[in-house]
Amino acid sequence: MKVALLGIVHESNTFVKELTTLDHFRKSRWLFGNDIINEYKHAFHEIGGMIEAMDEAGIEIVPVMYAEATPGGMVTTEAYEQLTEKMFSSLQQALPVDGCLVVPHGAGVCETYPDLDGQWLTKLREIVGSSMPIIGTIDPHANVSKLMIESTNALVAYKTNPHIDQRSAGKEAGKLMADFLSKKNKPLQFFSSLPLAISIEQQFSEKDPCKALLNLAKEIGTREHILSTSIVLGFPYADVKEMGSSVIVISNDETAGKEALLDLENYIISNKELFNGVKEDISQLLGSLDECKKPILLLDMGDNVGGGGPGDSTYLLDALEDAGKENTFICVYDPKAVESLRNSQEGEEIELAFGMNPHGNLTRPRLVTLLFKGSGVFDELKPRHGGQIHFDMGDMAIVKTIQSNVVMLTSLRVPPYSLQQLLAFGIDPMKFDAIVAKGVNAPIAAYTGVCETMIQVNTPGLTQADMTKFHYENRRIPLFPFEQDKISTHVD
Ligand SMILES: [Zn+2]
């Protein structure tokens, strides 16, 4: 037996103006054939789990193509066409196969195809025909569409956020494939798109309300005939019809599958108020920071790189410095600032403007000392959000402001998923009073065990936590928390 492996992963923030091009995929990951196996066989990534499951079942895996770019603006039509053309022409060479393991993200948006994932999965279905199993994983930040469901036999979302179980989700999908091919189980897929979008800071899987919800899904997953349950939290930063939360159940029995789906839907809808949350601004928090156990992790929700934020906001650094705070760390994406330090020497004092305020204006220049400059390549070998091993921040520099705050400047956008981002460059995170990480939940996996206090800060930007502040034209209506009084409390 032979199973093809193919994937395109992008989480597209439609509020970001800069589009995601082929070059962004090239600078991140665009792999073919055995390069995919070499990159992921030992990684905590879903592909690693799929390889493991196929090995265990004695099924040959045929790696076709895998492409991924850092979350950002919509994918250009050219990038989409080129990626899919290369992927499907490589697939043609791999045929015949007995099944396809797929790795979509589920929140990809192309400028011409708002449902990027549904589009390529549908095309794949057309190529391989209706009888071939297409089974795969999605990110729980997917905005799941009907096309994604109709073109696949089973989709499995990761069950943690930060996503530290991607490998096991991949293995779960691989086992569904192996059981399908050995005729042990024929999965049926049940899907419900909910009239609710879970607020981003309420999506942390180690705390309620998300923890209780995921526990319920796990419990329902142990029922007879239930093969997999997925809570898809959703990605609020895409103005698409599918934006919001949903539920997927895989079962080998129609009645059991529908019942499980209904139980999950009803739990979420009847507890909907819990999924909205309270948002705190830095001005409300500054007064109490001194009493918190240090180091404090300040999560910059408005400039969440893993949600497509540019990663260049100095909003929190400005607020901390204005309040006289010292001894903090922040990473800021600013290739121009890095380039401007080309002729500077380590130890030199320079007046440097870097980053942006969230309104797109350059921030004030600061007197800084250059501590380090060089290549920003590092590896992460532990299970961390995203499941990647190799990271590249491009050319980078580390400077210290006159107020003794350390700033890492990068020329590629890299989300703060790994402590190695600091450790590999001789920076000890334990020594800071506060560390600003541009994310909401994902960085928590890296900073647990280091930061005694973690605070999600409601900051402005293209990933601001309060989704009701965005202007949507395409989302479904009614949708909680927008039309709060129009959502019924029960599904029949
Ligand atoms: Zn995600």
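Cut-offs and rules
Residues numbered from 1 in each chain as written. Predicted model: local features only at pLDDT ≥ 70, side-chain atom pairs only at ≥ 80, totals over all residues. Buried ≥ 20, exposed ≤ 12 C-beta atoms within 10 Å, placed from the backbone. Helix = DSSP H or I, 4+ residues; strand = E, 2+ residues; numbered from the N terminus. Pairing = 2+ DSSP bridges. Axes fitted to C-alpha atoms, helices over the stretch in contact; angles between N-to-C directions. Contact = placed C-beta atoms within 7 Å. Domains from an automatic or database assignment. Nonpolar A, V, L, I, M, F, W, Y, C, P; charged D, E, K, R; others polar. Core = buried A, V, L, I, M, F, W, Y, C linked by C-beta atoms within 7 Å. Left-handed = near helix turned anticlockwise from the far one by under 90°. Arc of directions from axis to C-beta. Parallel < 35°, antiparallel > 145°, perpendicular 65-115°, else oblique.

## What about the pairing of strand β8 (residues 226-232)?
Then comes step 1: Burial analysis of β8 places seven of its seven residues in the buried class, the great majority of the element.
Then comes step 2: Inspection of the sheet shows β8 paired to strand β9 (residues 246-251) by six bridges, in the antiparallel sense. Across the sheet, residue V232 finds its bridge partner in β9, namely S246.

## Details of the sheet that holds strand β6 (residues 154-157)
Then comes step 1: What the six strands build is an open sheet, ordered β2-β3-β1-β4-β5-β6; its pairing is mixed. Each edge of the open sheet carries a strand with a single partner, namely β2 (29-32) and β6. Across this sheet, the average inter-strand angle for adjacent strands is 15°, counted without regard to direction.
Then comes step 2: Across the sheet, helix α5 (residues 116-128) is in contact with β1 (2-9), β4 (99-104) and β5 (134-138); its angle to β4 comes to roughly 170°.
Then comes step 3: Along the sheet face, helix α7 (residues 166-181) touches β1, β4, β5 and β6 and points at about 170° away from the line of β5.

## Details of unusual backbone geometry
Then comes step 1: A cis amide bond, omega 10°, links D208 with the succeeding residue P209.
Then comes step 2: Summarising the element assignment, P209 is placed in the loop between β7 (188-193) and α8 (210-220).
Then comes step 3: Here F480 and P481 are connected by a cis peptide whose omega angle stands at 10°.
Then comes step 4: With respect to the secondary-structure elements, P481 resides in the segment after β17 (453-457).
Then comes step 5: The phi dihedral of K183 is positive, around 65°, even though this residue is not glycine.
Then comes step 6: One can find K183 in the loop between α7 and β7.
Then comes step 7: What makes K183 exposed here is the crowd of 7 C-beta atoms within 10 Å.
Then comes step 8: The backbone of S404 sits at a positive phi, close to 60°, despite the residue not being glycine.
Then comes step 9: As for its position among the elements, S404 is in the loop between β14 (390-401) and β15 (406-410).

## Comments concerning the domain arrangement of the chain
Then comes step 1: For the chain, the assigned domains read domain 1 (2-275) and domain 2 (282-465).
Then comes step 2: Averaged C-alpha coordinates put domain 1 and domain 2 at centres separated by 30 Å.
Then comes step 3: Listed per partner, the contact involves 26 residues of domain 1 and 22 residues of domain 2.
Then comes step 4: Looking at the side of domain 1 that touches domain 2, its residues break down into ten nonpolar, eleven polar and five charged.

## Details of the sheet that holds strand β10 (residues 296-300)
Then comes step 1: If you walk across this open sheet you meet the eight strands as β12-β13-β14-β15-β11-β16-β10-β17, and the pairing is mixed. Looking at strand neighbours, the two that pair on one side only are β12 (349-352) and β17, the edges of this open sheet. When the angles between neighbouring strand axes are averaged without regard to direction, this sheet yields 30°.
Then comes step 2: Sheet analysis places β10 next to strand β16 (residues 434-437), joined by four bridges and oriented parallel. Each bridged residue has a counterpart across the sheet, and for I296 the counterpart in β16 is A434.

## Remarks on the nonpolar core
Grouped burial of nonpolar side chains is what soluble globular proteins tend to show.
Then comes step 1: Among the nonpolar cores identified, the biggest contains 144 residues, and V3, L5 and L409 are the most heavily contacted of them.
Then comes step 2: For L5, the residues in contact, after removing those within four places along its chain, are I36, I47, M50, I61, V62, P63, V64 and L101.

## Here we look at the packing of helix α3 (residues 46-57) against α7
Two packed helices can be described by the angle between their axes and the distance between those axes.
Then comes step 1: At a closest axis distance of 6 Å, the pairing of α3 and α7 adopts a crossing angle of 35°. Taken as a pair, α3 and α7 cross one another with a handedness that is right-handed. Contacts between α3 and α7 pair E46, I47, G48, G49, M50, E52, A53, M54 and A57 from the former with Q166, R167, S168, A169, G170, K171, A173, G174, K175 and A178 from the latter.
Then comes step 2: A per-class count over the contact of α3 with α7 returns eight nonpolar, six polar and five charged.

## Examining the environment of Q93
Then comes step 1: Checked against the element boundaries, Q93 lands in helix α4 (residues 77-94).
Then comes step 2: Of the residues examined, Q93 has 8 C-beta atoms within 10 Å and is grouped as exposed.
Then comes step 3: Along the backbone, Q93 and V64 are 29 residues apart, and their C-alpha atoms lie at a distance of 9.1 Å.

## Some remarks on helix α11 (residues 315-322)
Then comes step 1: Every buried residue of α11 is accounted for by Y315, L316, L317 and L320.
Then comes step 2: One or two steps after α11, the chain reaches G324, where phi turns positive at roughly 80°.

## Overview of α8
Given 3.6 residues per turn, any residue in an α-helix points the same way as the ones three and four places further on.
Then comes step 1: What α8 keeps buried is the set C210, L213, L214 and A217. Looking down the long axis of α8, one finds its buried residues gathered within 95° of arc, a one-sided arrangement. Turned more than 90 degrees away from the buried face of α8 sit K211, N215 and E219, all of them exposed.
Then comes step 2: Where α8 is buried, its residues touch β8 and α9 (254-270).

## As for the environment of K218
Then comes step 1: Relative to the elements of secondary structure, K218 occurs in helix α8.
Then comes step 2: Separated by 210 residues in the primary sequence, K218 and D428 have C-alpha atoms spaced 38 Å apart.

## Describing the packing of α8 against α9
Then comes step 1: Where α8 contacts α9, the two axes come as close as 11 Å, and the packing angle between them is 165°. Looking at the two axes, α8 sits roughly antiparallel to α9. In this structure, α8 crosses over α9, and the sense of that crossing is right-handed. Along its contact with α8, which presents L213, L216, A217 and I220, the element α9 presents A260, D263, L264, Y267 and I268.
Then comes step 2: Counted by class, the contact of α8 with α9 contains eight nonpolar, no polar and one charged residues.

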